[in-house]
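Working through the structure, step by step
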Amino acid sequence: MMTNSVSIDKVAEIASIRFSYTNTHGNDILEGFNERDRHAFNLRTTMKLKKWLSIDVNTRYTIDNVDNRAFRNNSNRNPIYMLTQVPRDASYEELSDYKNPDGTPHSFRGFQNPYWSMHETSNADTKQWFFGDITLNFDLYKGLRLRLRGATDIQTGSGWTFSNYNSPFDVDGQYDEFQENSYNNNYEALLMYNKRIKKFSINANFGGSVRTQQSKKIQDRVDALMQPDVKSLENNAAQIKATTGYNKKTKESVFATASFGYGDFIYLDVTGRNDWSSALGRGNWSYFYPSGSISFVFSELLKNTAINKVLSFGKIRGSIAKVGNDTGFDMLYSSYSYKGSYLDMSWFERDNLEKNPNIKPETTRSWEVGADLRFFKNRLNIDVTYYDKSTFDQIVRADVTAARGANQLMFNAGEIRNWGTELTVTGTPVRTKDFEWTTSLNWSKNNSEVVSLIDGVSRYMLTSWNGLNGVQVYAEVGKPYGQMYGTDPVRNEQGQFLVNAEGRYAQEVDHYFGSVSPDWIGGWSNKFRWRDLDFGFHFDFKKGGKVWSYSGYEGSRNGLTVQSLDGREEHLYSNLIVGENTEERRGFLQPQYTNKANTDYAANYVPYIDASRPKGVYAPNRVYNESVAFWAGQPCNIAYEPQNYWQGESSRQLSRYVYDASYIKLREVSIGYNLPKKFLRKTPFKSARIAAVGRNLAIILQNTPRGLDPEATSTTSNGQGLEMGFALPSANYGFDLKVSF
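Right, let's walk through the structure included here.

Rules used in this analysis
- Residues numbered from 1 in each chain as written.
- Predicted model: local features only at pLDDT ≥ 70, side-chain atom pairs only at ≥ 80, totals over all residues.
- Heavy atoms only, no water.
- Helix = DSSP H or I, 4+ residues; strand = E, 2+ residues; numbered from the N terminus.
- Buried < 20%, exposed > 50% of the residue type's maximum accessible area, 1.4 Å probe, protein only.
- Contact = heavy atoms within 4.5 Å.
- Areas by Shrake-Rupley, 256 points an atom, 1.4 Å probe, with all protein chains shown as cover.
- Lys, Arg positive; Asp, Glu negative; His and termini not counted.
- Charge placed at Lys NZ, Arg CZ, Asp CG, Glu CD.
- Pairing = 2+ DSSP bridges.
- Phe/Tyr/Trp six-rings, centres within 6.5 Å; stacked < 30°, edge-to-face > 60°.
- Lys NZ or Arg CZ within 6 Å of the ring centre and 35° of its normal.
- Salt bridge = Lys/Arg side-chain N within 4 Å of Asp/Glu carboxyl O.
- Core = buried A, V, L, I, M, F, W, Y, C linked by side-chain atoms within 4.5 Å.

Summing up its helical and strand segments, the protein chain has eight helices and 35 strands in all. Seen through its principal axes, the protein chain has C-alpha atoms that stretch 110 × 75 × 65 Å. By residue count, 39% of the 741 residues in the protein chain fall in the buried class. Within the protein chain, contacts between residues at least 6 apart in sequence are counted, and of these 63% link residues at least 24 apart. If you sum the accessible surface of the protein chain, you get close to 40500 Å²; carbon and sulfur atoms cover 55% of it. The average position of the 86 basic charges and that of the 81 acidic charges among the side chains of the protein chain differ by 12 Å.

A separate point is the sheet that holds strand β34 (residues 722–723). The three strands are arranged β31-β27-β34 in an open sheet whose pairing can be described as mixed. In this open sheet, the two strands that pair with only one neighbour each are β31 (658–660) and β34. As paired elements, strand β27 (residues 546–549) and β31 share three bridges and run antiparallel to each other. Its bridge partner lying in β31, valine 547 is registered against tyrosine 659.

Throughout the structure, instances matching the rule amount to 34 aromatic pairs. Measuring from ring centre to ring centre gives 5.7 Å for tyrosine 246 and phenylalanine 329, while their planes differ by 80°; the resulting arrangement is edge-to-face. Here phenylalanine 329 lies in the loop between β12 (311–325) and β13 (336–342) and tyrosine 246 lies in strand β9 (residues 241–262), a separation of 83 residues in the sequence. A relative accessible area of 28% means that phenylalanine 329 is categorised as partly exposed. Every member of this aromatic cluster is reached through a ring pair, and the members are Phe435, Trp437, Trp524, Phe528, Phe535, Phe537 and Phe539. Cation over ring: arginine 60 sits above tryptophan 129, and NZ or CZ is 5.2 Å from the ring centre.

Scanning the entire structure with this criterion turns up 35 salt bridges. Here aspartate 326 makes a salt bridge to lysine 249, at a shortest N to O gap of 3.3 Å. Of this pair, aspartate 326 sits in the loop between β12 and β13 while lysine 249 sits in strand β9; the two residues are 77 residues apart in sequence, bridging distant segments of the chain. We note that aspartate 326, like lysine 249, is buried. Between aspartate 351 and lysine 355 there is a salt bridge, with the nearest N and O atoms lying 3.4 Å from each other. Lysine 355 shares its class with aspartate 351; the two are buried. What emerges from the salt-bridge pattern is a single network uniting Asp540, Lys665, Arg667, Asp709 and Glu711.

Attention now goes to the side chain of arginine 652. Position of arginine 652 relative to the elements: it lies in the loop between α8 (642–647) and β31. Arginine 652 sits in the buried class, given a relative accessible area of 19%.

This part takes up the environment of phenylalanine 535. Within the secondary structure, phenylalanine 535 is located in strand β26 (residues 533–543). A relative accessible area of 33% means that phenylalanine 535 is categorised as partly exposed. Between the C-alpha atom of phenylalanine 535 and that of tyrosine 673, which follows or precedes it by 138 residues, the distance is 9.0 Å. Those residues in contact with phenylalanine 535 that lie beyond four places of it in its chain are Asn526, Lys527, Phe528, Val669, Ser670 and Ile671.

What follows concerns the nonpolar core. Residues Tyr460, Trp465, Val471, Met484, Trp548 and Leu722 are the most contacted members of the largest nonpolar core, which totals 47 residues. At four residues, strand β18 (residues 408–431) tops the list of elements feeding residues into this core. When neighbours within four sequence positions are excluded, tyrosine 460 is seen to be in contact with Gln394, Val396, Ala398, Phe411, Ala413, Leu453, Val473, Tyr474, Ala475 and Tyr481. Counting residues in each nonpolar core, the second largest holds eight residues, with Leu280, Met331, Ile359 and Met410 among its members.

Structure, rendered in structure tokens:
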């Protein structure tokens, strides 16, 4: 993937113009074998029309064409996901012959071939995006200004997706087309007043805004193809299904701010805002939220003192605020959708989400204190903040029992508290005429607690895999946000796994796996400048947090991971070389296999002398449960046949696929060069810069299996912690050229 950009600046007597063009083109194999071609045009103009009037115009137009956009997570149309399930000894020649002469898929040992998804499923889409805003600035009177601004964000798009006839996951094939358009219009008027009287200063603003968002989508789908290879709605062997989507929301606001200062060292700021949202019901659509802050630049009082030679700048600050938030479109009243007809009678289906007309706006109350300290003429800067905020009436949608008539419920959920510390230290260890090194380290730790939910509810499910029989992530009262539970073997008080006489785990369906929230996160940046050449790099790091991997689970069940190699050689030696039978590989003879008259374990237990030799997968820390009378509480030395263990017992121990999500990543490397002005003297350019940048370049440290990104997740919303079929970690590279006239 390569990015090229050119920018041009032009300054005239009454106007300045800036134009830039960026082209991104390339194939991104790791992101689903897609081909992207993007053109972006930017134009900004500033004009002084009158002494009391200026105008600012900013436009951006983007054309985005993508072939074979990646399917995500554990979709059968995602070749990367399918590749993780193909046997490791599969060759390119075996896989590339994916299609039989009659058009049916060539089965490969029962696995779906990723080449089928690459060549027999496809999609394409195009998107046009226009953003523009115009701002009028009026100087009404000394210190009094009026700003009128209008902005629009218009997007249109169309596309199609195709799965060919005989696809293993859809034998009838499928084709659909869609068209969508949306706009986001924002209008704002702001009256600004600035005044300074000796040591006192005041900055006050009063304004209002109206924001309207709307989107529409029309989709036509054919669920059965008449002929293979034909990508058309006319190629249908069933009724064409049409669906429409609509979304609209309007928010009106009035707001005011005021900042008071004295002597350039103490400032007081207050704000107030009231919103009216069409997404909330009558009686709840209006909500007000204020804030206040104070800052004290104490270094102003230390000027011309010995301390000032060390402390260049010092400020302490504190604030308190309340913030309101609404929800999305159509979240108030449940409805029914037309699903077809039966015996000439139409039938409708209720929404899976039970909506709530009494939803109240979310409210977040917060306070924070901090300090900004700069030493040795800004060679060393320290910024530290401590914050505490609580969100009340959080708007959530949680899974509920199907007996309610819906799968999810919309409601306001109690209180969730977050508090923590943020620290940034920036230094310039070396600064000379030709060389400078600047380094910056940031660190933050966020703590959270679910203080309360709705009455009678101690937790609700944020997301899950396989429902209550798999892995779930909850918001749970009294614990940090994002607690992970799942199906796992029963343990005794010593933490040992309990098994029956066959060595099978007894299971519990609500075992605690840990928290998905990290202990802390941070970053380290460095920038070096030598004359006109600069070089920089940035690391990100995270400590703690859990992630459960569906890819690891499926890979082990199919014998495709390094983890699933455990016990193979021992089993093959015992079974093929030594020729031991099943009971001998277990390391003992059960009573029913002896020639003694009774079946009493105590009298007939017959161990082998070499019982300690592994004969398959040996899972440690196991003891027999109470159902095994004679051996109850005794260690279990049964060796499992690898295939039976990884396909059976591993699915009964899901904690095996819970990993520590800590990492250290090389997030970015950049190098740039500013052409010396002497090279530009005979050109129309005032300045020119060329630069190259690479992002997400390497994972230096990780506790997840190699190839599994510690940041992999199935969603970017509240339900974090589950990886459900990942895209391989990928790097991006770009090239940039900027010139000014």
